Structure formats: C-alpha cells, structure tokens
Amino acid sequence: MPHKTFFAFVMPSLIAMVLFIALPIVSVVVQSLYVAHDRVMVQVENCQPFGGCSTELRVDAAATAELQAEQPLGKFNGLGTYFNRAHLAFDELGVILQTNRGLGDIWNRVLNLPFYKGLIFTLVYCFVVTPLAMALGFGIALAVNALPKVTKGPIIFFSLLPMIITPLVGSLILYWMLSPNGILGATIQHLFNDPTLSLRASPGLTWIALLLYGVWTNGPFSFVVFYAGLQTVPADTLESAMIDGASRWERIRYVIVPHLMPLATFVALVQLMDNFRVFEPIVGFSAEANATSLSWLIFNDLSGDTQQFGSAGATSVLTIIGVVILLSPVLVRTWREFKLKVV
Amino acid sequence: MSETLAHKRPAGLNVLIYGFIVFWVILAAFPFLWTVWGSFKVEADFFSRESWWNALFGTNTIRQTGAAFTGDGYYGAWVTRDFWRAAGNTIVVTLFVTIISLTFGTLGGYALARSGRNYAFWILIAALIFRAMPHITLVSGYLLPFFQLNIWGVLPTSIIVLVAINQPFTLWMLHSFFLSIPKDLDESAMVDGCTRFQAFRLVIMPVMWPGVVTTGLFSFLLGYNDFAVTAMLLSADNQTMVPKISSFLGSVQEAGNVMYAVAAVVSATVPLFILVLFFQRQIVSGLTAGAVKG
C-alpha cells in the first residue's frame, strides 16, 4: 500500500490518538513540574489530647485567583512535587527507616504516606486479583466444559454479567450487600457475633471486600478465554494420555495446562493492565479511608474544591512509569520478535 | 467428547463439578437479582437492621406504602432527581462514541492490516502502550487545556475523548479481523478498476460486518461503563448515568434516600442485561479473538 493511501486511511484515528492520548501525556508531565501560586496562607494549630500538636496550613483562595487566571499552570517547581510528602516522600521514608520500631511500625507508617498507601494497594490488588481470578476462571471453564450442552448457554450468560457490568455499578451492588445493613454484611456480623464488624471500621475487611470484588468481576474474562482454549485441546493427545494411564488430574496438569499456557500469559497481561488502574471500586465501596489506589489519588486531586493539577500530574507520571514497567516484558518480547522477522 | 466421558466420571467428581457451577452461578447472578428485587422495596427493608427477611417479605414496604412492591425509588431517581436527563446523555454519548470509533477504527485497522511496513508495526505498538494508560492519568492532562479552550463540560468533548481512548483497542481488534479477510479480495477489486477506498467500501466492508458488530459492542461498553472521563469532563447538567449515580451517593445518602441510587443502578444495569442476552455469541467471540484485547 503506498504511503499516501496508508496515511489517508490511518489519519483520523492517528490524529485522535495523538491529540487525546499522546499530547495529554506531555501535558501531564509539564503540569507535574508546576505548583499552584503561593497563596495567602493561614496557619492553624491543631492539638489532639494524645496525638500531639500539628500545624496545618489553610489557603485563602480568593487572594490568588487573579494571578491564577494569568498563569494557569502556576509557578515552576521542578521536581519538587515528586519528592514532597504526598508523593515519593524520600525525607519521610528516611526518617521512618531510621526511627522505626520493627517491621510492623515501618508498615504502618509507610501506609500513612498517601502515595505509598495507594501504590501498595494497587500492587496488592494487581497481584492478588489477577492469579485468583485466573484460577477461578480456569475452574469454571473446566467445570462448564464437563457439563451437558444445553446448560452451557445459560451458564455463560450469567457468567458474563459480573464482567460486563459497569465497574462502579458492580461495586455498588456488592457494597450494598456487604454493608452492615445489607444481606451479607448482616449475616457476617451474625456469624461472628460481633455487631461492630463493618466495612467502614475495618481496613482488613475493606481490602478483602475489594479483592473479592476484583476476583468476581475479573474471573469471567479468564473463564471465557480458557473455555474457548479448552475447545482447541487436541483430542488425540488427551486420548493417548488416557491410554498411557494418566489420571484425570495428570491430564489437566500435563496436557491441558501446557496447551493453555500462551492464552494464560495473554490473560495475565490484560488483567494486570486493567487491574493496575483499579479505581471505581474504591469510589463504589467508599473505601478511601482504608484503601486507595493510584488512579483514585489522581481523581481525588482533581475533584476537590481546589484542583491540584501539579500533584495530579506527578502521580500520573509515576503511574505511567508503573504501566511502562508492567508492560516492559511484553514490549521487549515484541521487539525481539519483530527483529527476528526483519532479519 | 465431554458427554461420552460424563458417565465414566466418578459420582464424587460429578457432585464437585455441579456444586461448583451452582456456587458460581449464584455468585454471579444473585447480587443482581437481589438488587433488582430490593429496588422495589423501601430503604428500611432493603437495608434492614433487623433481618433481611424484611427485604424478602417487604414488611416495612407494606407498612409505609400499602403494597409489597413500590416504585418510589424509580420515581425519585427518574423524575425528582432528573435521571432521565442522564439517561438521554448516555444514549447520545454511547451512540456517537460507537459510530465514530468504528468509522475511524475500520479505516485505520484496514490500512494497518494491509500495510506490511515498519511504521504500521510501530503504530500498533504505540496503540498497545496507549491501551494500557489508566484513563484518569489522561484526564488529568485534559482538564487544564480544556478549561483554557473553554470546551470543558459539554458532550462533544467527552465523546471525542472517549473515541480517542477507545481507538487503540478498536484498532487492534479490527486489525485482526481485517487480517482474517484474504488480501486477494481487495486486490482483485483493484485490478478490476476500483480505487483503494472503493475496494475497502464496496468489497471488504460487506464481509466485515461480523467483526464490526463485535468491535462495536466493546466500543459501546467502553462508552457506557466509563466513569473516569465522564465524571471529570462533564458539567453537572450534562452528566451521563454513571457519574450521575455517583453524585447520588454524595447527596442522596445524607437525605436518607439510598433507594434512588439503588433504582438508578438497576436502571443502568438493564441495558447491559439486554445486550448480553442478544449478543452473547459476539461478546464471547470478541473476547476470544486472540491478541485482540491487548
């Protein structure tokens, strides 16, 4: 195909991607280097009976509105935003490492730093939900494959629902059931005979609920892909394995699993990418007190009364770096394959 | 094959398989059924402090409204709180997102599938990286420029942003569908005197419809399910259903009327049910079309 024709065809979609994906990435990087203009600050001292005193800075927004209108980006701050307490917080990390009382203390104090709180939950969500959802999907695929034909259609229909559902809606539905007044939440309180047990009060419970939601909503995708893969397992190989005396379990372990391995890599990659941007469930479960994610941090910066573009930009850049690290094995492999093809 | 094996399976294994499937179907379907059922009750029943039997029998619903089922939640959401407007916006957004995505995507996907050059490969790789970008990181890049250009808050902006975010996925999916159509087809059309575009439109597109429908379903889902973009880029009047539901949570929960949100959630789920009901085959084939989803 001549260059000219090719670009005539690709142009609309290329322009859309450059304008609304590539340029915003540049824009995010630029934004992250700026902070809001200095504002009229009011210092407020906040004392708690046992927590000691902390000084808090309050902003007088009106005084700087004019300056803001002239230079909407704010003032140049270099990499300052990246290293402040709300992001990489190297100073705070250093202090924690020097003055800690054991691992538990480090963990608790690191979880108090907003960026690390979000990062840790995002990573836990990624690496717990992905394998569990794939295991669940594989289990369902094996079970559905063993069923008589008539039942398969309806089961696939119901299985698709948790995946196809709007993430915010799906998480709300589960949240309502799990809330202390909902059917599951009340049952759990009843089972453990502990009326104070609730999502809002317990960070552990919130994490478990979010992870369960993740497995629930991610499982069907693995199921559908693995189920399709199961249809392509060569019958000859299975039969010869049977003749050689392989048990049911051995057939799964040595014939089916290796056959599905390439699919599993693909599913794992897609799920990791999707789970890395976990966001809606945190809004749906109102979990922000106990669990946040990188995407939620950006959303939070942008949706307050004073939108913190610099802070959101810095978190965005760090998130994008995270995505590139996650994707790098695939990119390297694609690159190698491409080189091989060229040579 | 599975049926010939079925009677060879030990009974214990059969129990395990059927038990697991029943467990999964309940897990997958029960939350939806329960919420649909509960949306016709009053709050004191659906969120009952005493016992969830109240939700089954509608004890408080009967006491408050005189019948076991009530449409109060729906009336509150759709009429009092203008959910109909959000529903209208959703229809506009998803319709245009789907149509524009498919137009751009078929043109681009076709060219990518037919050009064997290096830059086609690199465009696909760039699209793969773009596909992985969390949407909210992009949104944080849009806000400031959109404020400056004064195009924040309106539907067309959100539509074109969603189209762009959707392009990487659409390109990959349509690209692989186009690859499955033999090259000879358009080449012979061009030998017969068609231009490239005529060959694309008159020869290739008519055989591409299954692929277009499948890709369209996923474009629709992306536009319909989106929260990050529509929540940040639309003003309160122009909100689509999903951000509208989340705004219910802030204001309605305090007013003691969670049932509006429950009714809105159920209303937003119904179109998805219908979609799966009619397009189950296409959704499954789209998901399984190999490297498609990446």
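Residues numbered from 1 in each chain as written. Chains lettered and ligands numbered in written order. Predicted model: local features only at pLDDT ≥ 70, side-chain atom pairs only at ≥ 80, totals over all residues.

Under an unreviewed UniProt entry, the name given to chain B is Carbohydrate ABC transporter permease, and the organism recorded is Devosia oryzisoli. The Sequence similarities (unreviewed entry) comment attached to chain B in UniProt states, word for word, "Belongs to the binding-protein-dependent transport system permease family." In its Subcellular location (unreviewed entry) section, the UniProt entry covering chain B states "Cell membrane". (UniProt positions renumbered as here; feature names shortened; annotations may be inferred.)

Per an unreviewed UniProt entry, chain A carries the name Sugar ABC transporter permease and comes from Devosia oryzisoli. Check the Subcellular location (unreviewed entry) section of the UniProt entry for chain A; it says "Cell membrane". In its Sequence similarities (unreviewed entry) section, the UniProt entry covering chain A states "Belongs to the binding-protein-dependent transport system permease family."

Draft legend 1. Up close: the environment of Leu205 of chain A. With respect to the helices and strands, Leu205 of chain A occurs in helix α10 (residues 203-230). Spatially, the C-alpha atoms of Leu205 of chain A and Leu172 of chain A are 16 Å apart, while their sequence positions differ by 33 residues. (Helix = DSSP H or I, 4+ residues; strand = E, 2+ residues; numbered from the N terminus.)

Draft legend 2. Summary view of the interface of chain A and chain B. On the chain B side, the residues contacting the 79 residues of chain A number 80 residues. With 16 residues, the single largest contributor to the side of chain A that touches chain B is helix α1 (residues 3-32) of chain A. The residue makeup of the side of chain A that touches chain B, split by class, is 61 nonpolar, 16 polar and two charged. (Contact = placed C-beta atoms within 7 Å. Nonpolar A, V, L, I, M, F, W, Y, C, P; charged D, E, K, R; others polar.)

Draft legend 3. Summary view of the UniProt feature "transmembrane region" (unreviewed entry) in chain A. Residues and elements named next belong to chain A. The sites that carry the UniProt feature "transmembrane region" (unreviewed entry) are, in the present numbering, residues 6-30, 119-143, 155-176, 252-270 and 311-332. Across residues 119-143, helical content stands at 100% and strand content at 0%; the span's end C-alpha atoms are separated by 36 Å. Helix makes up 100% of residues 311-332 and strand 0%, and the two end C-alpha atoms of the span are 31 Å apart.

Draft legend 4. Region of the structure containing the domain arrangement of chain A. Residue and element names in this part refer to chain A. Entries for chain A in the domain assignment read domain 1 (79-112) and domain 2 (126-334). With centres defined by C-alpha atoms, the gap from domain 1 to domain 2 works out at 30 Å. Domain 1 puts four residues into the contact, and the matching count from domain 2 is five residues. Considering only residue class, the side of domain 1 that touches domain 2 consists of two nonpolar, two polar and no charged. (Domains from an automatic or database assignment.)

Draft legend 5. How the structure looks around the UniProt feature "domain: ABC transmembrane type-1" (unreviewed entry) in chain A. Under the feature "domain: ABC transmembrane type-1" (unreviewed entry), the UniProt entry names residues 119-330 of chain A. Secondary structure over residues 119-330 of chain A splits into 79% helix and 0% strand, and the C-alpha atoms at its two ends are 22 Å apart.

Draft legend 6. Geometry of the domain arrangement of chain B. All names here are of chain B. Considered domain by domain, chain B is made up of domain 1 (2-75) and domain 2 (83-293). Here the C-alpha centroids of domain 1 and domain 2 sit 33 Å apart. Per-element tally for the side of domain 1 that touches domain 2: the top contributor is helix α2 (residues 11-38), with four residues. Its residues assigned to classes, the side of domain 1 that touches domain 2 shows six nonpolar, four polar and two charged.

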